[in-house]
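Chains, contacts and geometry: an overview
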Amino acid sequence: MTREGDAEMQGEAGMNAVEDRLAEAMRRTAEGLEPPLDGLITGGIARGRRRRFRNRAGIAASAVTVAAVTAGAVAVVGGGGDGTAPPRPPAVQLVSATQVLGKAAQTAEARPPVRPRPGQWWYTRAVEMGPTAEHGPEPHYSEDWIKLDGSQDASLLNGKLVIYRHTGAGAKSSKAETDRLMSLPGDPRKLRALVYKEVDATPARERMIKDRDGQAFRVAAQMLWDAPVTMPPATQAALYRVLAAIPGVQVDRNVKDGAGRSAIALSHGSGEQFLLDPATYQMVAQRTVNTGRNAPISATKGKDPRYNVPVGTVMYSLTRVVTKLVDRAGQR
């Protein structure tokens, strides 16, 4: 066996162990609930390492949302562990979503288009943290590379670059998703119709967020998150305009991302937030905030005790500190 092959097998085993622990943690969190959590969670994990920075925050937030919404039919989440009423959310300075997202659209349109060259990679340095994060509340940094053709991805494990190779259906699926995001229409009306068509194709009982507009917000925002370096500027601008037209979108300009940088939070009431850089309006982070109503609830163990914290506490955060195109794995 070659040294590279040995490294690949060791890396594969390490990542599989991480994914197994994540799946098991989510299974325990959702224990006793009736919706199809197995399919939702393990399906997300099965999409593979090559999309983990597209999906990691979304998977975590989805597990919380499904568990909390489902359990909400039979239980009301209280405040602290002493049974007192939940505290009122901290005051935030809100501004018009139309104003902020209109500016985001204009800024996106002014950016030159990115034209990836054959063989390029998407590099991300990220920081993950929070009481419900895999590595715990303290900041955990990672570096990953994803080849745009779907054939390879790479990570730094214990300071060593490990490359994973993909063939067959896995590589084709990743490439197809990249191509889909790059080919989305730049017309806001067509894109809005596409977003709501995707929402309506899923029965309300199976949606991550049961509210139709809330799910549309999540779909459109996730599209922006999934292709930060390859999506055409016109499509980014159209998605911002789609978000601006969705009823109920809220904006908070006074937040910090996981790297301590000023950011603008977009949300739709579920506790899931997408954060924008206030200068470039690029999406830089996803996070889940305790609303006092979104704690996972187990039929046997009750409310997740990690949510016995003040309303407004950031429970999970994934921030892209750096994200860009590079020519090879290991390049920054």
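Reading the values: rules and limits
Residues numbered from 1 in each chain as written. Predicted model: local features only at pLDDT ≥ 70, side-chain atom pairs only at ≥ 80, totals over all residues. Heavy atoms only, no water. Helix = DSSP H or I, 4+ residues; strand = E, 2+ residues; numbered from the N terminus. Buried < 20%, exposed > 50% of the residue type's maximum accessible area, 1.4 Å probe, protein only. Contact = heavy atoms within 4.5 Å. Areas by Shrake-Rupley, 256 points an atom, 1.4 Å probe, with all protein chains shown as cover. Axes fitted to C-alpha atoms, helices over the stretch in contact; angles between N-to-C directions. Parallel < 35°, antiparallel > 145°, perpendicular 65-115°, else oblique. Left-handed = near helix turned anticlockwise from the far one by under 90°. Nonpolar A, V, L, I, M, F, W, Y, C, P; charged D, E, K, R; others polar. Core = buried A, V, L, I, M, F, W, Y, C linked by side-chain atoms within 4.5 Å. pLDDT = per-residue confidence, 0-100. Pairing = 2+ DSSP bridges. Salt bridge = Lys/Arg side-chain N within 4 Å of Asp/Glu carboxyl O. Phe/Tyr/Trp six-rings, centres within 6.5 Å; stacked < 30°, edge-to-face > 60°. Lys NZ or Arg CZ within 6 Å of the ring centre and 35° of its normal. Polar contact = N/O pair within 3.5 Å; in protein donor to acceptor, adjacent residues only side chain to side chain.

Regarding the overall build of the chain
Regarding its fold elements, the chain presents eight helices and eleven strands. Each of the 332 residues in the chain was classed as buried or not, and the buried ones make up 48%. Taking the intrachain contacts of the chain between residues at least 6 apart in sequence as the baseline, contacts between residues at least 24 apart amount to 64%. Here the chain displays about 15700 Å² of accessible surface, and carbon together with sulfur accounts for 54% of that area.

Some words on the packing of helix H7 (residues 212-226) against helix H8 (residues 233-245)
Relative placement of two packed helices is described by the angle separating their axes and the distance separating the axes. Where H7 meets H8, the axes come as close as 10 Å, and the angle between the chain directions of the two elements is 160°. Our classification of the angle between H7 and H8 gives roughly antiparallel. Here H7 runs over H8; the crossing is left-handed. Counted together, Phe217, Ala220, Ala221, Met223 and Leu224 of H7 and Gln236, Leu239, Tyr240, Val242 and Leu243 of H8 form the full contact between these two elements. Class assignment of the residues belonging to the contact of H7 with H8 gives a composition of nine nonpolar, one polar and no charged.

Comments concerning the nonpolar core
Ranked by size, the top nonpolar core spans 41 residues in total, and within it Tyr240, Leu243 and Ile246 carry the most contacts. Every element with two or more residues in this core is listed here: helix H4 (97-110), helix H6 (188-200), H7, H8, strand S6 (262-267), strand S7 (272-276) and strand S11 (314-326). When residues in this core are grouped by element, the largest group, eight residues, is from H7. With residues up to four places along the chain from it excluded, the contact list for Ile246 reads Arg192, Tyr196, Asp213, Ala216, Phe217 and His268. With seven residues, the next largest nonpolar core counts Trp145, Ala154, Val326 and Ala329 among its residues.

Some thoughts on the confidence of the model for the chain
Across the chain, pLDDT averages 79, with 71% of residues at or above 70. Predicted confidence for residues 1-52 stays below pLDDT 50, and this span has 67 contacts to residues more than four positions away or in other chains. This model gives residues 56-94 a pLDDT under 50, and the stretch forms 69 contacts once residues within four places in sequence are excluded.

Focus: the sheet that holds S7
In a beta sheet, neighbouring strands pair by backbone hydrogen bonds and run either parallel or antiparallel. Strand order in the open sheet formed by nine strands is S4-S3-S2-S1-S11-S8-S7-S6-S5, and the pairing between neighbours is antiparallel. With partners counted over all chains shown, the strands left at the sheet margins are strand S4 (160-165) and strand S5 (250-256), one partner each. Along the sheet, successive strands turn relative to each other by an average axial angle of 25°, direction set aside. Bridge count for strand S1 (residues 121-129) against strand S2 (residues 140-147) is eight bridges, and the pairing is antiparallel. The residue of S2 that forms the bridge with Ala126 is Ser142.

Digging into the pattern of salt bridges
Pairs can form between side chains of opposite charge once their charged atoms are near each other. Using the criterion set out here, one finds eleven salt bridges in the structure. In this structure, Arg207 engages Asp200 in a salt bridge whose closest nitrogen and oxygen atoms are separated by 3.9 Å. Exposure remark for Asp200: the relative accessible area of 41% places this residue in the partly exposed category. For Asp257, the salt bridge identified is with Arg261, shortest N-O distance 2.7 Å. For Arg261, a relative accessible area of 31% puts it in the partly exposed group.

Section: the packing of aromatic side chains
Counted under the stated rule, the structure contains two aromatic pairs. Seen from their ring centres, Phe217 and Phe274 are 5.8 Å apart, and the 75° between their planes marks the pair as edge-to-face. Residue Phe217 is found in helix H7, and its partner Phe274 is found in strand S7; the two are separated by 57 residues along the sequence. Over the face of the ring belonging to Trp225 we find Arg320, whose NZ or CZ atom lies 3.6 Å from the ring centre.

Points about the side chain of Ser151
Within the element layout of this structure, Ser151 appears in the loop between S2 and strand S3 (152-157). The exposure class of Ser151 is buried, given its relative accessible area of 19%. Looking at Ser151, its side chain comes within polar contact range of the side chain of Asp149, at 2.7 Å. Apart from the residues within four sequence positions on either side, Ser151 is in contact with Tyr164, Arg165, His166 and Ala171.

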